[in-house]
Amino acid sequence: MPELPEVEVLVRHLDPLLKNRTVQKVTVRRERVIRPTPVARLKRKLKGATFNRVSRRAKFLLFNLTSLSGGPFSMLGHLGMSGRMYLQPKSAPLAKHAAVVLDLGSDNFVFEDTRYFGRFTLSLSPVEGLGPEPLDPSFCAEQFAPGLARSAQAIKVKLLDQKLVAGIGNIYASEALFRARISPKKSARRLKGEQVTALCGAIQQVLEEAIAFGSTVPLNFPSGERTDGLFYYGTQSSAQESRSYEERLLVYDREGQRCANCSTPIRRIIQAARSTFFCPNCQRG
DNA sequence: CACCATGTTCCTTG
DNA sequence: CCAAGGAACATGGT
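Residues numbered from 1 in each chain as written. Chains lettered and ligands numbered in written order. Predicted model: local features only at pLDDT ≥ 70, side-chain atom pairs only at ≥ 80, totals over all residues. Heavy atoms only, no water.

## As for the overall build of chain A
Convention followed: Labels follow the DSSP assignment, with helices taken as runs of H or I lasting at least four residues and strands as runs of E lasting at least two, numbered in each case from the N terminus. Burial classes follow relative accessibility: with a 1.4 Å probe on protein chains only, a residue under 20% of its type's maximum area counts as buried, one over 50% as exposed, and anything between as partly exposed. The contact rule is simple, with two residues in contact once any of their heavy atoms fall within 4.5 Å. The method behind every accessible area is Shrake-Rupley, applied with a 1.4 Å probe, and residues are considered shielded solely by the protein chains displayed.
Of the regular secondary structure elements, chain A holds eight helices and 10 strands. The buried share of chain A, reckoned over its 285 residues, is 54%. Excluding contacts between residues fewer than 6 apart, the proportion of contacts in chain A whose partners are at least 24 apart in sequence is 62%. Of the roughly 13,000 Å² that chain A leaves accessible, carbon and sulfur atoms contribute 49%.

Next up, the structure:
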């Protein structure tokens, strides 16, 4: 569930639920997801700690806590490709791939991650080299253009570079370029000024719409639900909420389907070993 | 068996 | 030091 909008919605959901809750016990069922912090250190730090605010930086969740000894500290969370975080009653059975479980008294705070690409860490270094937040008011052509000017890489690949803009992933990169009517293959340095401006606007629009939509969807997936309606689950579309989420995506995973603007079949290409979807008619030059 | 999947990090090469 | 490309990580769906 991993791009900026999904993380933002999750953060807003978790913040009031975790506030002032104290960690009674820490269970790490997959040590790999604690890195590079030593597992023992994270456990020691979390035990007896109380959650304050939960916020977001790019695709990272930032948990602010007060330790047992009274000092404030931060923990970063990342969902990787398949991570989820939720509270569930302590009596509820744990998911097969529940990687970390924080006992909050009546509830468990569960970090579940099928592929274990996600993580918890006390190190803040992953966040230090990140580029600007695309939804910040200061993010605009003046921030964005210089980063593009010297790169010969395809613009789609550049959008995934977290040093240039932080938080865009493979889905919204394709979606933003479609809305800006820019070919994903275009070299970053060859974008005209007005194209950079259009792309900035498209990025913000796509991300904001996704957050607005996600905020209306109830997030209760621990109890038996496979999906919560917010996140992307490939071609699976049996759940009604999941379907409405997919319909918001105009090109992603729509190879061969007709473009919403011009009816030309959507194409799929591979760039930097990842799929890109675009309309060859609407997105030229 | 094959290929695909919302992401980052590490290693190599230039 | 930087830019760019590719493999690795691990599991599951089709």
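Alright, that's what it looks like, and here's the rest.
## Quick look at helix H1 (residues 4–18)
Keep this limit in mind: Working rule for helices: expected span equals 1.5 Å times residues minus one.
Compared with an ideal rise of 1.5 Å per residue, which puts 15 residues at 21 Å, H1 spans 20 Å between its outermost C-alpha atoms and is within 8% of the ideal. Listed as buried for H1 are Leu 4, Pro 5, Glu 6, Val 7, Glu 8, Val 9, Leu 10, Val 11, Leu 14, Asp 15 and Leu 18. Once H1 finishes, Asn 20 follows within two positions and takes phi at roughly 70 degrees, a positive value.

## Digging into the protein's contact with DNA strand C
Convention followed: Proximity criterion: a residue is near a molecule or strand once any of its heavy atoms comes within 4 Å of it. Here a polar contact means two N or O atoms within 3.5 Å. Within protein one must be a hydrogen donor candidate and the other an acceptor candidate, and residues neighboring in sequence count only if both atoms are side-chain atoms. As a working rule, the residues Ala, Val, Leu, Ile, Met, Phe, Trp, Tyr, Cys and Pro are called nonpolar, Asp, Glu, Lys and Arg charged, and the rest polar, with Gly in that last group.
Inspection of the region around DNA strand C gives Arg 30, Arg 32, Lys 96, His 97, Thr 114, Arg 115, Tyr 116, Phe 117, Ser 151, Ala 152, Gln 153 and Lys 158 as its neighbouring residues. The share of sugar and phosphate among atoms of DNA strand C within 4 Å of the protein is 64%. With respect to DNA strand C, the side chain of Lys 96 contributes an N or O atom lying 2.9 Å from a phosphate oxygen. Its residues assigned to classes, the surface near DNA strand C comprises three nonpolar, four polar and five charged.

## Focus: the packing of aromatic side chains
Let me state the cut-off plainly: Two rings from Phe, Tyr or Trp (for Trp, the six-membered ring) form a pair when their centres sit within 6.5 Å of each other. Planes less than 30 degrees apart are called stacked, planes more than 60 degrees apart edge-to-face, and all others tilted. Note on geometry: a ring has a charge over it if NZ (lysine) or CZ (arginine) is within 6 Å of the ring centre and within 35 degrees of the ring normal.
Throughout the structure, instances matching the rule amount to seven aromatic pairs. Judged by centre distance (6.1 Å) and plane angle (90 degrees), the rings of Phe 51 and Phe 109 are edge-to-face. Of the two residues, Phe 51 sits in strand E2 (residues 50–57) while Phe 109 sits in strand E7 (residues 107–113), which places them 58 residues apart along the sequence. Both residues of the pair, Phe 51 and Phe 109, belong to the buried class. An aromatic cluster is built from Phe 51, Phe 63, Phe 109, Phe 111 and Phe 120, whose rings are joined through pairwise contacts. A cation over a ring is seen here: Lys 45 above Phe 73, with NZ or CZ 5.1 Å from the ring centre.

## Comments concerning the packing of H1 against helix H7 (residues 193–214)
Test applied: Only the contacting stretch of a helix is used when fitting its axis, a line to C-alpha atoms as for every element, and angles between N-to-C directions run 0 to 180 degrees. Helix crossings are classified by the rotation of the near helix relative to the far one: an anticlockwise turn of less than a right angle makes the crossing left-handed, while a clockwise turn makes it right-handed.
Between H1 and H7, whose axes approach to 9 Å, the crossing angle comes to 35 degrees. The two elements H1 and H7 cross, and the hand of that crossing is right-handed. Residues Leu 4, Pro 5, Glu 8, Val 9 and Arg 12 of H1 form the contact with H7, whose participating residues are Leu 207, Ala 210, Ile 211 and Gly 214. Partitioned by chemical class, the residues of the contact of H1 with H7 number six nonpolar, one polar and two charged.

## Examining the sheet that holds strand E1 (residues 25–28)
Counted only if it meets this: We call two strands paired when DSSP finds no fewer than two bridges between them.
Reading across the sheet, the four strands line up as E1-E6-E7-E5 and stay open at both edges, with antiparallel pairing between neighbours. Each having just a single partner strand, E1 and strand E5 (83–89) make up the two edges of the open sheet. The average undirected angle you get between the axes of adjacent strands in this sheet is 15 degrees. In this structure, strand E6 (residues 98–103) lies alongside E7, joined through five bridges in antiparallel fashion. The partner of Leu 102 across the bridge, within E7, is Phe 109. Sitting on the sheet, H1 is in contact with E5 and E7, with an inclination near 30 degrees to E5.

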